[in-house]
Amino acid sequence: MTGLKVTPERKLMLFTGRAHPELAKEVASELGADLVPTKAFEFANGEIYVRFEESVRGSDAFVIQSHTAPINTWIMEQLIMIDALKRASAKRITVIVPFYGYARQDKKHRGREPISARLMADLFKTAGADRLMAVDLHTSQIQGFFDGPVDHLFALPLLADHVGKRVDRERLTIVSPDAGRVRVADQWTDRLGAPLAIIHKRRDPNIANEVTVHEVVGDVKGRTCVLVDDMIDTGGTICAAADALYDNGAADVIVAATHAVLSGPAVDRLKNSRISEVIVTNSLPIEEERQFDKLTILSIAPMVGRAIREVFEDGSVTGLFDGHG
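J.: Can you help me understand the nonpolar core in this one?
T.: Generally speaking, a soluble globular protein has its nonpolar side chains buried in company with each other. If you look at the biggest cluster of nonpolar residues, it comprises 41 residues, and the most contacted ones within it are Val27, Leu153, Ile174, Trp188, Val226 and Ile308. Looking at this core element by element, the count peaks at 7 residues for helix α8 (residues 301-312). Those residues in contact with tryptophan 188 that sit more than four places away from it in its chain are Leu156, Leu159, Ala160, Val163, Ile174, Gly193, Val226, Val228 and Ala256. The next biggest cluster of nonpolar side chains, apart from the first, holds 34 residues, and it includes Ile48, Val63, Leu85 and Ala103.

J.: What is the right way to look at helix α3 (residues 116-127) in this model?
T.: Residues spaced three or four apart along an α-helix point in a common direction, a consequence of the helix completing one turn every 3.6 residues. Compared with the 16 Å implied by 1.5 Å per residue over 12 residues, the 16 Å span of α3 between its first and last C-alpha is a close match. Every buried residue belonging to α3 is among Ser116, Ala117, Met120, Ala121, Phe124 and Ala127, and all of these are buried. Seen from one end, α3 has its buried residues packed into an arc of 155°, which puts them on one side. Here the buried face of α3 lies against α2 (71-87), β5 (92-97) and β6 (131-135). Two residues or fewer past α3, glycine 128 is found with a positive phi of approximately 130°.

J.: When you look at the packing of helix α1 (residues 21-31) against α8 in this model, what are you seeing that I'm missing?
T.: Helix-helix packing: each pair is described by the crossing angle between the helix axes and the interaxial distance. At a minimum axis distance of 8 Å, the contact between α1 and α8 shows a crossing angle of 55°. The orientation of α1 relative to α8 falls into the category oblique. Two packed elements cross with a definite hand, and for α1 against α8 that hand is right-handed. Contact residues: α1 offers Leu23, Glu26, Val27, Glu30 and Leu31, while α8 offers Ala301, Pro302, Val304, Gly305, Ile308 and Arg309. Tallied by class, residues from the contact of α1 with α8 come to 7 nonpolar, 1 polar and 3 charged.

J.: In this structure, what is going on with the sheet that holds strand β1 (residues 12-16)? I would like to understand it.
T.: Whether parallel or antiparallel, the strands of a sheet pair through hydrogen bonds between backbone atoms. Taken in spatial order, the 5 strands line up as β1-β4-β5-β6-β7 in an open sheet, and their pairing is parallel. Because the sheet does not close on itself, it has two edges, and the strands there are β1 and β7 (150-153). Pairs of neighbouring strands in the sheet enclose a mean axial angle of 15°, with direction left out of account.

J.: Looking at this model, I keep getting lost on the pairing of strand β13 (residues 277-281). Mind explaining?
T.: Burial of β13 is extensive: 5 of the 5 residues sit out of reach of the surface. Side-chain alternation along β13 places Glu277, Ile279 and Thr281 on one buried face and Val278 and Val280 on a second face that is also buried. Relative to β13, strand β12 (residues 252-260) runs parallel, the two being bridged by 3 bridges. Paired with valine 255 across the strands is valine 278, a residue of β13.

J.: Can you help me understand unusual backbone geometry in this one?
T.: Note on backbone geometry: most residues besides glycine have negative phi, and most peptide bonds are trans. The residue after alanine 69, namely proline 70, is reached through a cis peptide bond having omega -5°. Within the secondary structure, proline 70 sits in the loop between β4 (60-64) and α2. With a phi close to 70°, serine 89 is a non-glycine residue in the positive phi region. With respect to the element layout, serine 89 can be found in the loop between α2 and β5. Positive phi, normally seen in glycine, also occurs at aspartate 314, with a value near 55°.

J.: Can you walk me through the pattern of salt bridges in this structure?
T.: Here the idea is simple: oppositely charged side chains can pair when their charged atoms come close. Applying the stated rule across the entire model yields 18 salt bridges. One salt bridge in this structure joins lysine 107 and aspartate 106, with 3.8 Å as the shortest N-O distance. Exposure remark for lysine 107: the relative accessible area of 39% places this residue in the partly exposed category. Linking arginine 191 and aspartate 161 is a salt bridge whose minimum nitrogen-to-oxygen distance equals 3.1 Å. In this pair, arginine 191 is assigned in helix α5 (residues 182-192) and aspartate 161 in helix α4 (residues 156-166), connecting sequence segments 30 residues apart. The class for arginine 191 is partly exposed, based on a relative accessible area of 33%. What makes aspartate 161 partly exposed here is its relative accessible area of 32%.

J.: Help me understand the packing of aromatic side chains, please; the structure alone is not making it clear to me.
T.: Here a ring pair, both rings aromatic, is described through the centre-centre distance and the interplanar angle of the planes. Counted by the stated rule, this structure contains 6 aromatic pairs. On the numbers, 6.4 Å between centres and 65° between planes, the contact of tyrosine 100 with phenylalanine 124 is edge-to-face. Pair noted here: tyrosine 100 is in the loop between β5 and α3 and phenylalanine 124 is in helix α3, with a separation of 24 residues, a long-range link. Tyrosine 100 sits in the buried class, given a relative accessible area of 3%. Residue phenylalanine 124 is classed as buried on the basis of its relative accessible area, which comes to 0%. Directly above the ring of phenylalanine 312 sits arginine 10, whose terminal nitrogen or CZ lies 4.9 Å from the centroid.

What counts as what
- Residues numbered from 1 in each chain as written.
- Predicted model: local features only at pLDDT ≥ 70, side-chain atom pairs only at ≥ 80, totals over all residues.
- Heavy atoms only, no water.
- Core = buried A, V, L, I, M, F, W, Y, C linked by side-chain atoms within 4.5 Å.
- Buried < 20%, exposed > 50% of the residue type's maximum accessible area, 1.4 Å probe, protein only.
- Helix = DSSP H or I, 4+ residues; strand = E, 2+ residues; numbered from the N terminus.
- Contact = heavy atoms within 4.5 Å.
- Expected span 1.5 Å × (residues − 1).
- Arc of directions from axis to C-beta.
- Axes fitted to C-alpha atoms, helices over the stretch in contact; angles between N-to-C directions.
- Parallel < 35°, antiparallel > 145°, perpendicular 65-115°, else oblique.
- Left-handed = near helix turned anticlockwise from the far one by under 90°.
- Nonpolar A, V, L, I, M, F, W, Y, C, P; charged D, E, K, R; others polar.
- Pairing = 2+ DSSP bridges.
- Salt bridge = Lys/Arg side-chain N within 4 Å of Asp/Glu carboxyl O.
- Phe/Tyr/Trp six-rings, centres within 6.5 Å; stacked < 30°, edge-to-face > 60°.
- Lys NZ or Arg CZ within 6 Å of the ring centre and 35° of its normal.

Okay, here's the thing in structure tokens:
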């Protein structure tokens with residue numbers, strides 16, 4: 001036999017950008033690993049420079065970066081990190097985006113609009129990504145935009161189990177804030193054994209983050225209502241939905257969402273609303289000054305850590321979600 005036979009050795013290396021290092025440190029702790037030391041800074045004109053301070057040759061590289069504000073800066077930094085890994089001969093590059101930027105632009109609502117979520121996937125692939133991992137994509141179809149394996153992780157078990165422990169399930173109703181979230185809300189009802197209600201709303205396509213609530217479909221009178229969504233941006237939609245539920249006789253309203261974007265007036269709106277608790281994950285950083293008494297933050301680090309281990313060991317990511325991943 002010609003050639004050289006060697007015993008295969010695999011090496012997991014975890015990298016993070018500067019957007020949300022706290023989450024990356026938690027994930028590293030779950031894995032029992034250290035983050036790879038990385039030098040990153042901006043030149044005077046805003047260009048980003050990245051260099052890894054250890055050899056990455058032949059490694060299974062996992063690059064975690066949450067797309068928080070300023071979102072375009074952190075997306076670009078992650079792309080540059082991927083390019084650096086590819087050029088440094090990493091064996092496989094997995095991009096981890098707890099919050100996938102531009103996910104709401106997943107289709108054309110009107111003519112002459114971009115499909116920016118697809119562009120994001122193309123950018124990752126062009127930069128050198130082999131695999132993509134994301135938490136609660138805005139729509140599942142985004143998985144098809146990336147030309148390679150996509151691991152879609154779900155925060156629903158984490159959020160639903162927290163809600164289930166603190167409320168009377170006999171009085172619980174799961175509420176979808178619009179028709180687009182009904183499928184997810186339905187999964188909540190299956191997990192908690194609660195009925196479903198839907199908020200019918202209309203969004204003005206010419207005005208971002210502005211909705212009008214029309215009616216509540218379903219029985220919410222005297223019930224503890226849990227509004228479930230993938231993200232809270234400015235808080236306008238969720239606060240209007242909560243008001244509609246109270247106007248229809250709801251006894252209490254709790255909000256559960258994966259991604260706390262909390263742009264602009266969101267914190268003030270939520271603090272001053274009739275919502276009793278806002279439950280989110282740490283998929284995005286929430287600075288101390290933006291936290292408030294009603295806010296509960298749950299960590300996705302254990303879930304992301306387990307998913308990374310399954311990918312590295314060629315296991316089953318779907319198995320983490322009882323076969324529903």
